[in-house]
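Next come the chains, spelled out residue by residue.
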Amino acid sequence: MRAPEDWRPRVEPEEEAPAGGGVPSWLVMLAVVLLAAAVVLAGVAGYILFQQAQRGRVTPTPLGPHIAVAPASARPGDIVEVSGTGWPALATVKISLVPQGQPAATTLYTTAQADANGRWSLRFALPPTLPWSLPAAVDILAQAEGQAVEARAVLQVETAISMATPTLAPIWTAPATVVPTLVPTTAASPTVPPYTPTPTATFTPLPPTPTPIVFPPTATPTRLPPTPTPRPPTPTPIIPPPTPTAFFGWKGEYYANVNLAEPAALVRDDPYVDFNWASGAPWPGLPADYFSARWTRSMYFDAGTYLFRITVDDGVRFWIDDQLIVNEWYVGAARTFERSVSLSAGYHYLRLEYFESAGVALIRLAWEPAPLYPDWKGEYFGNPDLAGAPVVVRNDPAVDFDWGEGSPRPELPADNFSVRWTRRLWLEEGPYQFRALVDDGVRLWVDGKLVINAWADGPVREVSGHIYLAGGSHEMRVEYYERSGRAVVRLSWERLAAFPEWRGEYYANPTLAGPPALVRNDPAVDFDWTAAPPAPFMPRTNFSVRWVRWVDFGAGGWTRFAAGADDGLRIWVDGQLLLDQWRDQAYTEWTVDRWMAQGWHELRVEYYQR
């Protein structure tokens, strides 16, 4: 078929290309169109690839321990809050500050205590001292004590708000310099000195003799000598640094006497109270002996119990909210004092006072949250009734003591004393037997249930109790008293895995419902509890029991089963009901004869008491 004439492309005549060749215009236009199409296709392909990448992206979810810092940036002295999730339950978490790129400069700053859900939080003031006061990124490093668990977060340190510098105030040099040097300068000086006075003020360099600085009457600035040389130290008294107008850490007031008599010779901002001056002085110009100091500040605490620890040589006093906590104001060698204090959530006012007599000068204050007793908290009483306040409170690794005819501590009598031990213990689910070797009386509670009750005078003997426990943490309490003679108490327990005779499951209801209250091995099903319960923590009525065991009937034959009960009783042999007397009734006896095949058979007895 032939196309119509007007369908064909019309080409206008062009001038003849010059000799040597040329490119037709229609070919140029075609190249431009093809290039534009390639650009469009490349853009579409890029967009499709981008969308596929977005759909395939998975935002990682933090697993394990995690910490968050608020705010994300802070100035030196600002309060920073750090919180953690996903940490081991009840772990002690150490919080350290790490300058980025300087792991060797890591500083342990404080600690936190994780709760049972692995959560914790704390607040602290960003130190105003180097290197933390420089504008830079700082890593907040959290580590679980004793475990290979850690997490980090980044805090951006901003420039501190500058404080106005008093005009013509002397500049404090490093402590190694005996005399600070004031170097005057002029606007034309090519060297920038460490301190620049106002344009109208003038002063004269220190003369070589210990005379005070005299300001000349004229306003002519003193120019630097062309070749300055180092000035040797002179015996001029040390000028303390200017007193801060704000305190980001502890306000430290230092006195050139042992009784904190005003005025203070030095007032400064101390980030920590952690000093070992040995035989030196806290500051050039202060005496190395016979001085005193006072530190004060307000600190935020989460609600809880804290252990405050003070190491000192010589005397120390410590207050929290004006309540005297430590009063050891006497000369003595280096020693440590610990006090347990319960604090409400919020800010509390701390005051620490110290004096140094002679020799070594040492003062250090630190604190940490509970638990204070990682094992058994032992409270020792100077009477057999656990009455009043304990004389001694301490951590005991185990309840396992044989004091003989002596006493647990010099502060306690050898006879007529008592002890209470408490702790939380993690146990797997199952039946447990607790045993106590004792002289004289002992009681044991597990989760508030009295498992052992042998509260009576007596020689050394073993008593025991049983309880079925769910898996998890359980509260334990042991109470003991010593009347006279030998003093012995020892507690042990085991999870029962085998029952050589009857496995007895005891329920605190008459219907054998729910988990048993206790499971134990019973040598025989032969009990007359009268009005007593089967165990100290079980009810006297409305309980039930199931006993199960395997018995070898030898060659087999006719066997008579005899039973008696008050109230209900059922007996099964190999899963078949042999006797059914499941009703309230006075004590009644029954006999049942049954042919037993040779070998082993399973017996099951169920009983309830109304």
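Basis of the calculations
- Residues numbered from 1 in each chain as written.
- Predicted model: local features only at pLDDT ≥ 70, side-chain atom pairs only at ≥ 80, totals over all residues.
- Heavy atoms only, no water.
- Pairing = 2+ DSSP bridges.
- Helix = DSSP H or I, 4+ residues; strand = E, 2+ residues; numbered from the N terminus.
- Axes fitted to C-alpha atoms, helices over the stretch in contact; angles between N-to-C directions.
- Salt bridge = Lys/Arg side-chain N within 4 Å of Asp/Glu carboxyl O.
- Buried < 20%, exposed > 50% of the residue type's maximum accessible area, 1.4 Å probe, protein only.
- Contact = heavy atoms within 4.5 Å.
- Patch = residues over 30% accessible without salt bridge, like charges linked within 9 Å, V, L, I, M, F, W, Y side chains within 5 Å.
- Areas by Shrake-Rupley, 256 points an atom, 1.4 Å probe, with all protein chains shown as cover.
- Core = buried A, V, L, I, M, F, W, Y, C linked by side-chain atoms within 4.5 Å.
- Domains from an automatic or database assignment.
- Phe/Tyr/Trp six-rings, centres within 6.5 Å; stacked < 30°, edge-to-face > 60°.
- Lys NZ or Arg CZ within 6 Å of the ring centre and 35° of its normal.

Chemist: I'm lost on the sheet that holds strand β19 (residues 376–381) in this one. Help?
Modeler: Strands belonging to one sheet form pairs held by backbone hydrogen bonds; the direction of such a pair is parallel or antiparallel. An order of β20-β19-β22-β27-β24-β25 is seen for the six strands of this open sheet, with the pairing classed as antiparallel. Strands with a single pairing partner mark the edges of an open sheet, and in this sheet they are β20 (392–396) and β25 (449–454). Direction aside, the axes of adjacent strands within the sheet are offset by 15 degrees on average. When strand β24 (residues 441–446) meets strand β27 (residues 472–482), the two strands line up antiparallel, connected through six bridges. Counted as the bridge partner of Leu444 is Val478 from β27.

Chemist: Can you help me understand the pattern of salt bridges in this one?
Modeler: Any two side chains of opposite charge can pair if their charged atoms end up close together. One pass over the full model with this rule turns up 29 salt bridges. With its nearest N and O atoms 2.8 Å apart, the salt bridge here joins Glu494 to Arg435. Taken as a pair, Glu494 in strand β28 (residues 487–495) and Arg435 in strand β23 (residues 430–439) lie far apart in primary sequence, 59 residues in all. The class for Arg435 is partly exposed, based on a relative accessible area of 25%. Across the pair Glu505 and Arg546 runs a salt bridge whose closest N-O atoms are separated by 3.3 Å. Taken together, the residues Glu505 in strand β29 (residues 502–507) and Arg546 in strand β31 (residues 543–552) connect sequence positions 41 residues apart.

Chemist: How should I be thinking about the sheet that holds strand β36 (residues 600–609) in this particular structure?
Modeler: Taking strand neighbours across the sheet as the criterion, the six strands line up as β30-β29-β31-β36-β33-β34 in an open arrangement whose pairing is antiparallel. The open sheet terminates on both sides in strands that have one partner only, identified here as β30 (518–522) and β34 (576–581). With direction set aside, neighbouring strand axes in the sheet form an average angle of 15 degrees. As defined by bridge partners, strand β33 (residues 568–573) adjoins β34 across five bridges and the pair is classed as antiparallel. Following the sheet pairing, Ile571 is matched in β34 by Leu579.

Chemist: Sorry if this is basic, but what is going on with the environment of Ala144 here?
Modeler: Along the chain, Ala144 falls in strand β7 (residues 137–144). Each C-alpha atom, one on Ala144 and one on Pro88, is 7.8 Å from the other, the two residues being 56 residues apart in sequence. Apart from residues lying up to four places away in sequence, Ala144 is in contact with Trp87, Thr92, Val93 and Val149.

Chemist: What is the right way to look at the pairing of β36 in this model?
Modeler: Along any regular strand, the residues point their side chains to alternate faces of the sheet. Most of β36 sits out of view: seven of its 10 residues are buried. Direction of pairing for β31 relative to β36: antiparallel, over a ladder of 10 bridges. From the neighbouring strand, Asp552 faces β36, where its bridge partner is Trp600. Here β33 runs beside β36; their pairing, made up of six bridges, is antiparallel. Opposite Leu569, over in β36, you have Tyr607 as the bridge partner.

Chemist: Would you explain a nonpolar patch on the surface in this entry?
Modeler: Together, Trp26, Leu27, Leu30 and Leu34 line one region of the surface with nonpolar side chains, adding up to about 430 Å² of accessible area. Inspection of the secondary structure assignment puts Leu27 in helix α1 (residues 25–56). Under the relative-accessibility criterion, Leu27 is labelled partly exposed at 38%.

Chemist: Got a minute to help me understand the nonpolar core in this structure?
Modeler: Considering soluble globular proteins, one finds that nonpolar side chains tend to be buried as a cluster. Core analysis: the largest hydrophobic core is formed by 57 residues, its most contacted members being Trp403, Trp421, Phe434, Val442, Tyr480 and Leu569. Here this core gets five residues from one element, more than from any other, and that element is strand β22 (residues 417–427). Each of domain 3 (376–495) and domain 4 (502–609) accounts for three or more of the residues forming this core. In this view, Trp403 contacts Tyr380, Pro408, Phe417, Trp421, Tyr480, Ala487 and Val489; residues no more than four positions away in its chain are not counted.

Chemist: So what exactly am I meant to see when it comes to the packing of aromatic side chains here?
Modeler: When we look at a pair of aromatic rings, we describe it by the centre distance and by the angle of the planes. Here the structure, examined in full by the defined rule, presents 36 aromatic pairs. For the ring pair Tyr506 and Trp529, a centre distance of 6.4 Å and an interplane angle of 80 degrees mean the geometry is edge-to-face. Residue Tyr506 is located in strand β29, and its partner Trp529 is located in the loop between β30 and β31; the two are separated by 23 residues in the primary sequence. One exposure class covers both Tyr506 and Trp529, and it is buried. The positively charged end of Arg351 is found above the aromatic ring belonging to Trp319, 3.7 Å away from the centroid. Above the ring of Trp455, the side-chain terminus of Arg443 is found at 3.7 Å from the ring centroid.

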